[in-house]
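Chain by chain, the residues:
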Amino acid sequence: MKKTLTTIKALSWVLVCYFCIANVQAQQVELRFRVYGKVIDARTRKPIKRIPVTVLPFNRVLNADAKGAFLFNMPKGSYSFKFDYYPFDKQEVKLDVKSDTTLLIELHSPFTSQYIDEVEVVTSKPATETPAAIEQIDKHTFKVMPAMIGERDILKAFTLTSGVTSSSEGAADMQVRGGLHGQNLYLLDGIPLYSTEHFFGMVSVYNPTIIKSAKLYKSDFPAEYGGKISSIINVQTEDASLKKFRGEAEIGLLTTKLALNIPLVKDKVALSVAGRLSNYSIANLISPFLTTEFNNTRFGIHFGDINANLLWKLSEKDKVKLTFMSNTDGIEVKNTYDAVDKFWSKNKQQNLGLNWYKTIAENAENHLLAYADNYGYDYGISNENIKTKQSHVGQVLTGINSMGLVDKFNYKVSDKLKLNTGASIKSFGFSPYQLNVNDSNVNKVKATDQVRLTEGIVFAEGEYLLSKQQTLTAGLRLSTIGNTDKAYTNLEPRIAYHGIFSNDYSISASAGRMTQPIHRVANSGLGFPFEMFFPMSSTLKPESSWNFSIGGAKDFSLKNAKLSVRVDAWYKTMENLVEFQDGYDATATAFFAMQSNIIRDTKQYLTQGNGKAYGIDFSTNYSLKNLKLTADYTLMKAECQFAQLNDGRPFAAPTDIRNSLSLTSELKLSDSWILAATWQYNSGKPITVPTAIFLNPTVDPQQGYYRGSDYQQVITERNNYRTKPFHKLDVSFIHNYRTARKHLEGSVSVGVYNLYNRANAFIYYIGTVENPDKTYKPVLKSMSMFPILPSFSWSLKF
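Criteria and thresholds
Residues numbered from 1 in each chain as written. Predicted model: local features only at pLDDT ≥ 70, side-chain atom pairs only at ≥ 80, totals over all residues. Heavy atoms only, no water. Salt bridge = Lys/Arg side-chain N within 4 Å of Asp/Glu carboxyl O. Helix = DSSP H or I, 4+ residues; strand = E, 2+ residues; numbered from the N terminus. Buried < 20%, exposed > 50% of the residue type's maximum accessible area, 1.4 Å probe, protein only. Pairing = 2+ DSSP bridges. Axes fitted to C-alpha atoms, helices over the stretch in contact; angles between N-to-C directions. pLDDT = per-residue confidence, 0-100. Contact = heavy atoms within 4.5 Å. Core = buried A, V, L, I, M, F, W, Y, C linked by side-chain atoms within 4.5 Å. Polar contact = N/O pair within 3.5 Å; in protein donor to acceptor, adjacent residues only side chain to side chain.

Draft legend 1. Layout of the pattern of salt bridges. This model, assessed by the stated rule, comprises 30 salt bridges. Its salt-bridge partner being Asp267, residue Lys243 comes within 2.8 Å of it at the nearest N-O pair. Of this pair, Lys243 sits in the loop between strand S16 (231-237) and strand S17 (246-252) while Asp267 is found in the loop between strand S18 (255-265) and strand S19 (269-278), placing the two residues 24 residues apart along the sequence. The exposure class assigned to Asp267 is partly exposed, which follows from its relative accessible area of 33%.

Encoded structure:
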């Protein structure tokens, strides 16, 4: 270990020295940006004429025009805008100018005094500002996006961007550039999430009412992140406000949400709490009205989550933030006749984090995070004879828990060089499967039966300003994970370049290695969220990938419009991918494990192989007055090769969706009405179907229904069939309003999912068709899941 730390220290010094001596001179071109603002009376919503606006640090004063509008043309930097005009309360707005920006300033008079700490930014950033491999979704775009059954979802929003798809229609998961859902690092306030799905995979665990920012790294990975090989999704929630009480409530067809911000000690301590609960389930409603044949059956379906954070401002340089998250899902079916039969599927996830943010100096900051989390899944059946009281329980438990201590240090060496270093230590407990088969008891995951691992990580990264808006970033991440049985050490170099040039175009390129010691295997798409986590071991090596990308962006300023274009070409290699062997999936493995003790011998049902994916992403944004249009397209190919699958021959990966296209539009009909629409298209994905089907000789060919045992399937190749293309159109109308007296802000969204009722194939199965001679033959059929559906939500801020 000493040798490893010595090596890391030496590499860090080499990195620092390299950036310190590098000094490439280039033509200095100062870019300027437009800051347009409008000042209104918060009570009457009318413009405030000719109000003076003071800009600091210039101390320059400019009067707004007769419509309360002002315009500044200023270079990139941090500024303060002061508004001091009787009889309104004084207000100061701080802004970091990086792009053309629009501000809406609301001023209050002492008679209706109310503190204002938010500024609405209603314009997007230039495409050239960020590397082409990074996606960011702002709050405005997320809010107006059409939602399935009225439930906005950040992961589904990301699937509208280039290079990202979902595993199936309606699924709240992500497949990024040929990677699987389990190969993405999902973060919530810096803490990893092991499960991201609610309601059979239709809704993610990210509560939309509290999301402050969301960033997706498809490549160009910072050295501080690791543990997954495909992408990083970093979601930050709103901090509790120290100034005022406020809240937001939302009712939709699927859930009810409530978020409250409560200052406990003004300017010192505040609490923010947000909850989401499923409204009902159709099964719960119809259970009492079932026919006599089924009137002894009861259904129960629910999901919910809660997020909370407690913010304590110790001083101007110290801030402590305590975060908590808990989410649950469950379905239970109970049938009572001669016996009480139960089936249940439940999962629960919790995490607790303590953050300490400290400003050491003007050029140095430190962030210390201590956290603990737990995820568990409980799946089982039970039977109890009413007369004899004899019972039987069959139960499968799976889960993972971890705790960690992470320290990150940021230091600005000079105007040209920034350093980001850190270290962490983490402990994991794995329970891929715990079986419970007995006569009476339902159990919980036992910590004594878990596999324990410890991981240590150090990283260092430097960002060097080669010239004006030309940055080179290089980093190194070193991790060691294992236990007394087996340990692996992984070295992950990262390097990236991003340059913005004077004629509104940019170039970006990156290369980096990622490793993944924790394997997730699950049933894909919608359905029971049966997922298992296996640690690396002597028989399961860590997954790894090399990610390469090069791209560019261009911003066009037209006469009355703006147009931006981004292109990013990428290539990814993957090693030690984990897949079920033929004949197994998560559910089949669970039931087979009940009958034999194979679970710890992963070679019985898992195998490892390699893969690669490559493609090109295109993104275009166009805005004209009240109209915004975006288009995202990806052309790609992904394939795998496993020695134990497909006779060792390469085959199409399940994420090999060759063409994907998303079109979104937003039309501002008036000051309070918005029309939004999205259209998605995905070409067919690979699945495995029988090459031939033969009826058993004992089966009557004139019967119209066949059981699985009535025929034999012949499969000669894995993923040998492409599903039908998927496409749909979603639309929504959003009405924003504000009450005159109580200063309440409301929003109503009404829309339609799958407007033209496209019957997209959700599942494929073996059915029958009738021949001319009245006999029947088995054929491949498909069934759709989501027809045209209504969407509705109503929210109110107070």
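Draft legend 2. Up close: the sheet that holds strand S15 (residues 211-217). The strand order across the open sheet formed by 5 strands is S8-S15-S16-S11-S12, and the pairing between neighbours is mixed. Of all the strands in the sheet, just strand S8 (134-137) and strand S12 (191-192) have a single pairing partner and so form its edges. Two elements, S8 and S15, share 4 bridges in a ladder whose sense is antiparallel. Looking across to S15, one finds that Ile137 is bridged to Ala214.

Draft legend 3. View of the pairing of strand S4 (residues 69-75). Within S4, 5 of the 7 residues are buried, leaving the element largely enclosed by the surrounding structure. Note that strand S1 (residues 32-41) and S4 share 7 bridges and pair antiparallel. Directly across from Gly37, in S4, lies its bridge partner Phe70.

Draft legend 4. Representation of the environment of Gly170 within the structure. Along the polypeptide, Gly170 turns up in the loop between strand S9 (164-165) and strand S10 (175-176). A C-alpha to C-alpha distance of 7.9 Å links Gly170 and Gly201, two positions 31 residues apart in sequence.

Draft legend 5. Geometry of unusual backbone geometry. With an omega of 15°, the peptide bond running from Leu56 to Pro57 counts as cis. Relative to the elements of secondary structure, Pro57 occurs in the loop between strand S2 (52-56) and strand S3 (60-63). Unlike most non-glycine residues, Arg177 shows phi in positive territory, near 50°. Inspection of the secondary structure puts Arg177 in the loop between S10 and strand S11 (184-188). Residue classification places Arg177 among the buried positions, given a relative accessible area of 1%.

Draft legend 6. Structural detail: the sheet that holds strand S6 (residues 91-97). Taking strand neighbours across the sheet as the criterion, the 4 strands line up as S3-S2-S5-S6 in an open arrangement whose pairing is antiparallel. Among the strands making up the open sheet, the edge pair consists of S3 and S6. Strand-to-strand, the axes of this sheet are offset by a mean angle of 25°, without reference to chain direction.

Draft legend 7. Seen up close, the confidence of the model for the protein chain. Put simply, the protein chain has an average pLDDT of 85, and 86% of its residues get 70 or more. Note on residues 1-29: pLDDT under 50 across the span, and 29 contacts to partners over four residues away in sequence or across chains. Confidence drops under a pLDDT of 50 for residues 111-123, and excluding neighbours within four residues, the segment shows 31 contacts in the predicted structure.

Draft legend 8. Broad picture of the nonpolar core. Formed by 23 residues in total, the largest nonpolar core has its most connected members in Val35, Val39, Phe72, Phe81, Phe83 and Leu107. Every residue in contact with Val35, bar those within four places of it in the chain, is listed here: Phe70, Leu71, Phe72, Met74, Phe81, Leu95, Val97, Thr101 and Leu103. Core analysis: the second largest hydrophobic core is formed by 22 residues, Ile137, Leu155, Val176 and Val235 among them.

Draft legend 9. Geometry of the side chain of Glu543. With respect to the helices and strands, the residue Glu543 is situated in strand S32 (residues 543-557). Polar side-chain contacts of Glu543 include one of 3.1 Å to the side chain of Gln183. Those residues in contact with Glu543 that sit more than four places away from it in its chain are Gln183, Ile229, Met514, Thr515, Gln516, His519, Glu575, Asn576, Leu577 and Val578.

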